[in-house]
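Architecture at a glance
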Amino acid sequence: MPSTFAPLKNDTFLRALLRQPTDYTPLWLMRQAGRYLPEYNATRKRAGSFLGLAKNPDYATEVTLQPLDRYALDAAILFSDILTVPDAMGLGLYFAEGEGPKFERPLRDEAAVAALREPEPGSLQYVFDAVTQIRTALNGRVPLIGFSGSPWTLACYMVEGGGSDDFRTVKTMLYSRPDLMHRILSVNAASVAKYLNAQIEAGAQAVMIFDTWGGALADGVYQKFSLHYMNEVIRGLKREHDGMRIPCIVFTKGGGLWLEEIADSGADAVGLDWTVNLGKARARTADRVALQGNLDPNVLFSGPEQIRQEVAAVLAAYGKHGMGSGHVFNLGHGISQYTPPDAVTVLVDAVHEVSRRYHATGG
């Protein structure tokens, strides 16, 4: 059946991911719908809780659109959480006040790991309903990004039972019972591929895999326990839907060491944190993938002139765009909840203005 969604008016972001010519460098921000925006906080208060917000398609649509109403961003990203998948596996996700996400039933023994199953059909329907509703509400303004946590990053929360400073519990399992860890990661990879494909079918026009904790792994271990399973996910993804190519972005925070291997994953674009020089990353990958990033989010606490200078430095590091090159401007990680909203206006305007001089088709 042909799509009932409005035609896309601004496809700059998708073209950059596919390394096609653009007039300027497109921009979106990780965690762009979030607590730095007063309108987000007002909606969250009405929803009663973070999960109340994320599990209600009306609220999820409202907060997804808020940053786009404020800023000239080039993409929207589904408002959700990376832990929806393990929650749907029955681990009992909850948010403790001031402590972040936690699970009531973490995977701590052989019996729990053996009992782990992919989410039941329908258990994540609220996410897919939100994707369709957001895509409809966007009315073709900009593309919509769907996303998931990586199999390894999800496993960290599933075994630790929440966030961790040292990943002691999950790494103990990894080293002492690698068979159990591989079982968790295998179930997660199959679940994530199906989850992202369902988002694509619901209307997502690009997808991103967040490997937030991949950089916590040792060299050699990362390849076996994180990258291998992201590669499995990518192999299982729908790369076309509704006659359109669906680009995939992979982001391992702290993954600069493995950039060439990540670029070989089959993803269209690799996200970079702020520790990596974009020009060197471009040379290392020989323009065979697009690059996304990578301004330090804390730059946004400086003044307008400093923000413009740092934006110019990131764009200069990537350099001139030629045939087959692609850059999506982003932060090196999520925007801080303490960021002044006006600083984002400076950032967006600077990226759009300064980047044109690096594009052959730009003015």
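The sections below set out a description of the structure shown in this document. This is a predicted model, so every value here is computed, not measured. (Residues numbered from 1 in each chain as written. Predicted model: local features only at pLDDT ≥ 70, side-chain atom pairs only at ≥ 80, totals over all residues. Heavy atoms only, no water.)

1. A closer look at the overall build of the protein
As a reminder of what qualifies: Helix and strand labels come from DSSP, where a helix needs a run of H or I of at least four residues and a strand needs a run of E of at least two; each type is numbered from the N terminus. Three exposure classes are used, based on accessible area relative to the maximum for each residue type with a 1.4 Å probe and protein chains only: buried under 20%, partly exposed in between, and exposed over 50%. Residue burial considers only the protein chains on display, and all accessible areas are found by Shrake-Rupley using a 1.4 Å probe. We treat Lys and Arg as the positive residues and Asp and Glu as the negative residues; His and chain ends play no part in the count. Every charge is mapped onto a representative atom, which is NZ of Lys, CZ of Arg, CG of Asp or CD of Glu.
Scanning the protein from N- to C-terminus turns up 15 helices and 11 strands. The principal-axis extent of the C-alpha atoms belonging to the protein is close to 60 × 45 × 45 Å. For the protein, the proportion of its 363 residues judged to be buried stands at 58%. Looking at the protein as shown, the accessible area adds up to about 14,600 Å², and 51% of this sits on carbon and sulfur atoms. Here the protein contributes 35 positively and 39 negatively charged side chains, and the mean placements of these two sets differ by 1 Å.

2. Here's the deal with the environment of Y222
The line we're drawing: Two residues form a contact once any of their heavy atoms are found within 4.5 Å. For the purposes of these results, a polar contact is taken to be a pair of N or O atoms within 3.5 Å, where, inside protein, one atom must be able to donate a hydrogen and its partner to accept one; residues adjacent in sequence count only when each atom of the pair is a side-chain atom.
Summarising the element assignment, Y222 is placed in helix 11 (residues 221–235). Y222 gets classed as buried once you look at its relative accessible area, which sits at 0%. Contacts of Y222, omitting those with residues within four sequence positions, involve D211, G214, L217, L227, M230, T252, W258 and I262. In terms of polar contacts, Y222 uses its side chain to reach the side chain of T252, at 2.9 Å.

3. Concerning the packing of helix 2 (residues 38–47) against helix 4 (residues 57–70)
This is how it is decided: Note on geometry: axes are C-alpha line fits, over the in-contact stretch for helices, and angles between N-to-C directions span 0 to 180 degrees. Angle categories are assigned with fixed cut-offs, so that under 35 degrees is roughly parallel, over 145 is roughly antiparallel, 65 to 115 is roughly perpendicular, and the rest are oblique. Here the term charged refers only to Asp, Glu, Lys and Arg, the term nonpolar to Ala, Val, Leu, Ile, Met, Phe, Trp, Tyr, Cys and Pro, and the term polar to all other amino acids, Gly among them.
Between helix 2 and helix 4, whose axes approach to 9 Å, the crossing angle comes to 170°. Taken as axis vectors, helix 2 and helix 4 run roughly antiparallel relative to one another. Within the contact between the two elements, helix 2 uses P38, E39, Y40, T43, R46 and A47 and helix 4 uses Y59, E62, V63, Q66 and R70. Residue composition of the contact of helix 2 with helix 4, by class: 5 nonpolar, 2 polar and 4 charged.

4. Description of the sheet that holds strand 4 (residues 144–149)
Defined as follows: One requirement defines pairing of two strands: DSSP has to find at least two bridges between them.
Spatially, 1-4-5-8-9-10-11 is the arrangement adopted by the 7 strands of the open sheet, whose pairing is parallel. The outermost strands of the open sheet, each flanked by one partner alone, are strand 1 (76–77) and strand 11 (327–328).

5. Details of the nonpolar core
In summary, soluble globular proteins display a tendency toward joint burial of nonpolar side chains. Threshold: Nine residue types can take part in a nonpolar core, namely buried Ala, Val, Leu, Ile, Met, Phe, Trp, Tyr and Cys, and a core is a set of them joined through side-chain atoms within 4.5 Å.
Core analysis: the largest hydrophobic core is formed by 131 residues, its most contacted members being F13, W28, M181, I184, M208, F329 and L347. Sort the elements by how many residues they give to this core and helix 10 (residues 178–202) lands first, with 13 residues. Contact partners of F329, with chain neighbours within four places excluded, come to T25, P26, L27, W28, G293, L295, V311, V314, L315, L347 and V351.

6. What about the pattern of salt bridges?
What counts is decided by this rule: The working definition used for a salt bridge is a side-chain nitrogen of Lys or Arg within 4 Å of a carboxyl oxygen of Asp or Glu.
Under the counting rule described, the total for this entry stands at 17 salt bridges. Here E118 ties to K194 by a salt bridge, and the two come within 2.6 Å at their closest N and O atoms. Placement of the pair is E118 in the loop between helix 6 (110–115) and helix 7 (125–138) and K194 in helix 10, with a sequence separation of 76 residues. K194 gets classed as exposed once you look at its relative accessible area, which sits at 53%. A salt bridge links R168 to D166, with the shortest nitrogen-to-oxygen separation between them at 2.7 Å. Accessibility expressed as a relative area gives 55% for R168, which makes it exposed. When its relative accessible area of 40% is taken as the criterion, D166 is described as partly exposed. Counted as one network, the salt bridges with shared partners bring together E110, R177 and D179.

7. Description of unusual backbone geometry
Residue N294 follows G293 across a cis peptide bond; omega there is 0°. Relative to the elements of secondary structure, N294 occurs in the loop between strand 10 (290–292) and helix 14 (304–318). One non-glycine residue, N139, lies in the positive phi region at around 55°. Mapping N139 onto the fold places it in the loop between helix 7 and strand 4. Of note in the backbone geometry, D287 takes a positive phi value of approximately 60° without being a glycine. If you trace the backbone, D287 turns up in the loop between helix 13 (278–285) and strand 10.

In short, geometric facts, not functional conclusions.
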